[in-house]
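Spelled out, the chains give:
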Amino acid sequence: MGCGVSKSNQFHKQDTKAIKAAVLIQHWYRQYVARMEMKRRYTWNIFQSLEYSGEQAQIKLYNFLGYLMDNFTPSSNERNLISHFFRENEVCRDSEWERFFCYKNIEVPEIYSGPHLTFPLTVEQVTFLVDAFRNKRQLHSRYVLQLLLQTWKMLRMLPNISRISTCQSKEITICGDLHGQLEDLLLIFYKNGMPSLDRPYVFNGDFVDRGEDSIEILLILFSFLLLYPNDVHLNRGNHEDHIINLRYGFTKEVLTKYKMHGKRILKLLQKIFSWLPLATVIDQKVLVLHGGISDTTDLCVLARVDRHKYVSALRPPKKRHLSTTSMSVDSEDDTWSGASWRRASVTLHKPLTRGTFQNLSLQDFSDRVKLPAEEQLEARRRHLNLLHSACGQSQQELGVAAAAAAAAAAAAEPAQDSAEVIHSIEEEWKQILDLLWSDPMTQPGCVPNEVRGGGCYWGPDVTEDFLSRHHLQLIVRSHECKQEGYEFCHNRKVLTLFSASNYYDVGSNRGAYLKLGPDLVPYLIQYQASSMTRELTVRQSAGRTEHSALRVLRKQLFSHKSDLICAFQELDKENTGLVSLNDWAMAVEGVMHLGLPWRMLHYQLISRKNSNGMVNYLQWFAELAIKEPNMDHIEQSLLETLYRHRSTLETIFRIVDTDNSGVITMQDFRQTWKLLSVYLKMEFTEEAISDLAVSIDSNRDGSIDIHEFMEAFRLTDKKSRLERGRSMFMGTATDLTKLETGDPNV
Amino acid sequence: MVSEVHKRIHNAFQVFDHDLNKTVDVRFPPVPEDMLLTAFEVLDQQKKGYMEPDELTNYMRQGDEPFTQQEMEEMLSSAVDSDSNVVYYKDFVSMMILDGER
């Protein structure tokens, strides 16, 4: 090239060529960025869907157990197994509880090298405690119980809604979900300073579960609460709930760290959680609460409730004592024993089939709460009618009947009162549920939160209305993980604040905390905890997160193998072994219900398609296969079930393990399987279950160690994070430059 | 508000409008690695095997849709080798292609 071409022409050609090259590179790079963004989004989706469907599964399980409770005859074994689980903390003298939780006879051995606490706490002690936890020390159970007892006493004095002010020049620091991630709390303290008289803090719930240092976080927060009761405020989160803790790791953590006194500690924590305040209001203008609001949220109602009656937000408190006091006629009537009342309740109200209850959310159960008064009335009328017909129809009897009818009418009045009282209990319960579980949405209105199974989704119009009714200007809430650690919505009237960085995986998200001065302008600071030994570029961490999300997803897919194969075969009527990509995506969504972009994901999940672009699904499963332990003698389908429902299985185990010892009897083990088979609507042969039991009870002592069981069947998920437990806290100046500050004007 | 959304949708599609004719090939052929490498080699007029950040920036600011400041910074953050402060484009391309395929 170049013959007879002038120099300027040549240059021109070069330029054009260069520009074309540059444009190509631009195109390519932008394509790359767009693809990365897509990946990041669906990775996020994967983790979030799995997390929320886990919460939903937990609630479903809970509902199922409640259904069992209400509908099995009292003598049934299954019911006994779980009845203790639902027994509310009886109205008990505080002094009795204090005796139960007494720490005084717990001896601290000489070799204990952790902190020793004396009460009342001092700043030095608390600082020392924080340091000890930073250095992986554990606080002795004696001191734990002591600290918790003091905390319990303190919390009981606090109102449901704390009202605080920035007065003069105090800035208030607000933190969101911590989820047992001690590193993040320490990072916040490092950047912002620890709580003090001049540095008030609000912690907005979800201190526990999922992370590894939940109990340490609690102990730190409680210590500061005791030190500075007017300057440290704790709001309850949906994870401050012993039922949720069974599934999400807090129960396990406590029992592992405190083998001897863990049960007592957990019991005391149940009470403490129920006494945690529900919300905080700053300068009468900013509302801080964990989940959110609904179109019926009323701060006046919330301020009045007896919050401690709601030991778990998942179940309203029993009302029997209420109904007996208002219906005095009741006590004389001994035909109305619990059993017949129960039978009446089953026949009178629309039967819930076992199929339907699984799809119900907590909202749907609120109806059943209303029943007691109404059906007692109904039953009473029937009883009188029976009497009536038994006595025969004569003039006199009509008189008796009339008198009876009058008595019934008289009985109706207190019934109405109690119906009202019960209605307000139901209303209270909904208020609390909404407060702890709701999420904002972009569309207007208010709909039940089907995804989580509790609370609702509320829209910007509901926010507007709520704020104006209560003369507020901002809602600060947590409950949802956000990539930047925070996110505004609803025209900047709602701020979501999340303080657990790297929540889904290393590099998945930043954490953030909020500072509010007297001007009440939100100032946000972001951070991301990371081990000293590991620094990943943004690109690398995004890649890792995606990698682990996909790994988790593949496991999920594999654990639904049978259902998926069925679904594929439905679409592959001619039994070719192939389905189109469209059909594949449709079948997978139909089985998994995760709402993920399957077509986009298929590149990552299916290694190859045949020449026509069809998917060989059996081959696909062979690729997905997870290495299983050598359990050839165990039925394949049983193993798959075990794997898929491992979380539920473990939860049921822990429920059945009434004394929280980590071990259950063979008998209970079988009962557990019966429960599970009812719940899953599957049949397990006695033989299959015996095989399982035998293979795990290696020492033949007739009891089964839950942990060993889960381990043996490789049912425990290795945490998708790195071994973070022993990560170092950053303390050098150079590391500070890596901590980013956020732009408050986003 | 709506026009903003429209604009964003438009821009998103434009990324894939390779022939700049307001059409998008939904089969998404990615830019082949050798073509990309050739493109870099064209820009590396002195055939050094690397490019200075300024050099690259200069080129990326050309054409109908030059890179924004932010895009430039992002690209440089992953392209520039921290020790020598230049862009070894061959490695850069291999790395990104690998990412894209994973």
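Analysis parameters
Residues numbered from 1 in each chain as written. Chains lettered and ligands numbered in written order. Predicted model: local features only at pLDDT ≥ 70, side-chain atom pairs only at ≥ 80, totals over all residues. Heavy atoms only, no water. Helix = DSSP H or I, 4+ residues; strand = E, 2+ residues; numbered from the N terminus. Buried < 20%, exposed > 50% of the residue type's maximum accessible area, 1.4 Å probe, protein only. Contact = heavy atoms within 4.5 Å. Areas by Shrake-Rupley, 256 points an atom, 1.4 Å probe, with all protein chains shown as cover. Disulfide = S-S within 2.5 Å. Axes fitted to C-alpha atoms, helices over the stretch in contact; angles between N-to-C directions. Parallel < 35°, antiparallel > 145°, perpendicular 65-115°, else oblique. Left-handed = near helix turned anticlockwise from the far one by under 90°. Nonpolar A, V, L, I, M, F, W, Y, C, P; charged D, E, K, R; others polar. Pairing = 2+ DSSP bridges. Phe/Tyr/Trp six-rings, centres within 6.5 Å; stacked < 30°, edge-to-face > 60°. Lys NZ or Arg CZ within 6 Å of the ring centre and 35° of its normal. Polar contact = N/O pair within 3.5 Å; in protein donor to acceptor, adjacent residues only side chain to side chain. Core = buried A, V, L, I, M, F, W, Y, C linked by side-chain atoms within 4.5 Å. pLDDT = per-residue confidence, 0-100. Salt bridge = Lys/Arg side-chain N within 4 Å of Asp/Glu carboxyl O.

**Some remarks on the overall build of chain B**
Here is step 1: What chain B contains, in helices and strands, is five helices and zero strands.
Here is step 2: From first element to last, N terminus to C terminus, chain B shows the α and β order α-α-α-α-α.
Here is step 3: The buried share of chain B, reckoned over its 102 residues, is 31%.
Here is step 4: A fraction of 42% describes how many contacts in chain B between residues 6 or more apart in sequence connect residues 24 or more apart.
Here is step 5: Here chain B displays about 6900 Å² of accessible surface, and carbon together with sulfur accounts for 54% of that area.

**Points about the overall build of chain A**
Here is step 1: Across its full length, chain A carries 28 helices and 18 strands.
Here is step 2: Residue burial in chain A is summarised as follows: out of 746 residues, 53% are buried.
Here is step 3: Within chain A, counting contacts between residues at least 6 apart in sequence, those at least 24 apart form 76% of the total.
Here is step 4: Summed over its atoms, the accessible surface of chain A is roughly 34100 Å², and 53% of this surface lies on carbon and sulfur atoms.

**Details of the state of the cysteines**
Residue and element names in this part refer to chain A.
Here is step 1: According to the stated counting rule, one finds zero disulfides over all chains in the structure shown.
Here is step 2: This cysteine, cysteine 456, is not joined by any disulfide, and cysteine 446 carries the nearest cysteine sulfur, 3.4 Å off.
Here is step 3: Here cysteine 456 falls in the buried class, since its relative accessible area comes to 4%.

**Topic: the packing of helix α5 (residues 141-156) of chain A against helix α7 (residues 214-227) of chain A**
Residues and elements named next belong to chain A.
Here is step 1: For the pair α5 and α7, the least separation of the axes is 10 Å and the interaxial angle reads 55 degrees. One way to sum up the angle between α5 and α7 is to call them oblique. For α5 against α7, the interelement crossing comes out left-handed. Where α5 approaches α7, its residues Val144, Leu147, Leu148, Gln150, Thr151, Met154 and Leu155 are matched on the opposing element by Leu219, Phe222, Ser223, Leu225 and Leu226.
Here is step 2: Its residues assigned to classes, the contact of α5 with α7 comprises nine nonpolar, three polar and no charged.

**Regarding unusual backbone geometry**
Here is step 1: Note that the residue after phenylalanine 119 of chain A, namely proline 120 of chain A, is joined by a cis bond; omega there is 0 degrees.
Here is step 2: In this structure, asparagine 575 of chain A is a non-glycine residue whose phi angle is positive, near 55 degrees.

**Here we look at the sheet that holds strand β1 (residues 161-164) of chain A**
To summarise the sheet geometry, strands pair through backbone hydrogen bonds and adopt either a parallel or an antiparallel arrangement.
All names here are of chain A.
Here is step 1: Taken together, the six strands give an open sheet; going across it, the order is β1-β5-β6-β10-β12-β11, and neighbouring strands pair in mixed fashion. The strands lining the two open edges of the sheet, one partner per strand, are β1 and β11 (486-489). Between one strand axis and the next, the sheet turns through 20 degrees on average, direction left out of account.
Here is step 2: The sheet contacts of helix α17 (residues 460-470) involve β6 (286-288), β10 (474-477) and β12 (494-497), and relative to β10 the element is tilted by about 115 degrees.

**Quick word on the sheet that holds strand β13 (residues 511-516) of chain A**
All names here are of chain A.
Here is step 1: Taken together, five strands build an open sheet; the order of strands is β4-β3-β2-β13-β14 and the sheet is mixed. Two strands close off the open sheet at either side, each with one partner strand: β4 (232-234) and β14 (523-527). Going across the sheet, the axis of each strand differs from the next one's by a mean of 20 degrees, ignoring polarity.
Here is step 2: Two strands pair when backbone bridges link them, and strand β3 (residues 201-203) and β4 are joined in this way by three bridges, in the parallel orientation. If you follow phenylalanine 203 over to β4, its bridge partner there is leucine 234.
Here is step 3: In this fold helix α6 (residues 182-192) packs onto β2 (172-175), β3, β13 and β14, with an angle of close to 125 degrees to the strand it touches most, β14.
Here is step 4: Seen against the sheet, α7 touches β3 and β4 and runs at an angle of roughly 130 degrees to β4.

**Structural notes on the packing of aromatic side chains**
The geometry of an aromatic ring pair is captured by two quantities: the separation of the ring centres and the angle between the planes.
Residues and elements named next belong to chain A.
Here is step 1: For the structure on display, the rule yields 21 aromatic pairs over all chains.
Here is step 2: Taking the centre distance of 6.4 Å and the plane angle of 55 degrees together, the rings of phenylalanine 568 and phenylalanine 621 count as tilted. With phenylalanine 568 in helix α19 (residues 561-571) and phenylalanine 621 in helix α22 (residues 617-624), this residue pair connects regions lying 53 residues apart in the sequence.
Here is step 3: Residue classification places phenylalanine 621 among the buried positions, given a relative accessible area of 2%.
Here is step 4: An aromatic cluster is defined as three or more aromatic residues linked by ring pairs; in this entry it consists of Phe568, Trp584, Trp598, Tyr617, Trp620 and Phe621.
Here is step 5: Here arginine 156 stacks its cationic end above the ring of tryptophan 152, 4.3 Å away from the centre of that ring.
Here is step 6: The ring of phenylalanine 488 has arginine 492 lying over it, and the distance from NZ or CZ to the ring centre is 3.9 Å.

**Brief notes about the side chain of histidine 179 of chain A**
All names here are of chain A.
Here is step 1: Here histidine 179 lies in the loop between β2 and α6.
Here is step 2: The class for histidine 179 is buried, based on a relative accessible area of 2%.
Here is step 3: A distance of 3.3 Å separates a polar side-chain atom of histidine 179 from the backbone oxygen of aspartate 209.

**Let's talk about the nonpolar core**
Residue and element names in this part refer to chain A.
Here is step 1: With 62 residues, the main nonpolar core has Leu139, Leu148, Phe203, Phe207, Phe224, Leu234 and Leu269 as its most contacted residues.
Here is step 2: Counting residues per element, this core draws most heavily on α7, which supplies 11 residues.
Here is step 3: Setting aside anything within four residues of it in sequence, one finds leucine 269 in contact with Leu148, Ile215, Leu218, Phe222 and Phe250.
Here is step 4: With 38 residues, the next largest nonpolar core counts Phe47, Leu557, Trp584 and Ala585 among its residues.

**Focus on the confidence of the model for chain A**
Here is step 1: Scored by pLDDT, chain A comes out at a mean of 74, with 68% of its residues at no less than 70.
Here is step 2: Between residues 532-536 of chain A, whose pLDDT stays under 50, and residues either more than four places distant or in other chains, the model counts 10 contacts.

**Some thoughts on the environment of leucine 278 of chain A**
All names here are of chain A.
Here is step 1: By the secondary structure assignment, leucine 278 is in the loop between α10 (262-275) and β5 (279-282).
Here is step 2: The exposure class of leucine 278 is buried, given its relative accessible area of 2%.
Here is step 3: Residues leucine 278 and isoleucine 161 lie 117 residues apart in sequence; the distance between their C-alpha atoms is 5.9 Å.
Here is step 4: Residues in contact with leucine 278, not counting those within four places in the same chain, are Asn160, Asn235, Leu289, Leu302, Val305, Arg307, Ile432 and Leu435.

**Points about the pattern of salt bridges**
Residues and elements named next belong to chain A.
Here is step 1: The full count for this structure, using the stated rule, is 19 salt bridges over all chains.
Here is step 2: Its salt-bridge partner being arginine 452, residue aspartate 439 comes within 2.9 Å of it at the nearest N-O pair. Linking aspartate 439 in strand β7 (residues 439-440) with arginine 452 in the loop between β8 (446-448) and β9 (456-458), this pair joins segments that are 13 residues apart in sequence. Of the two residues examined, aspartate 439 and arginine 452, each falls in the buried class.
Here is step 3: Between lysine 493 and glutamate 464 there is a salt bridge, with the nearest N and O atoms lying 2.7 Å from each other.

**Details of the pairing of β5 of chain A**
Residue and element names in this part refer to chain A.
Here is step 1: Side-chain alternation along β5 places Ala279 and Val281 on one buried face and Thr280 and Ile282 on a second face that is also buried.
Here is step 2: In the sheet, β1 pairs with β5 via four bridges, with the strands oriented parallel. Note that in β5 the partner of isoleucine 161 across the bridge is alanine 279.
Here is step 3: Across three bridges, the pairing between β5 and β6 is antiparallel.

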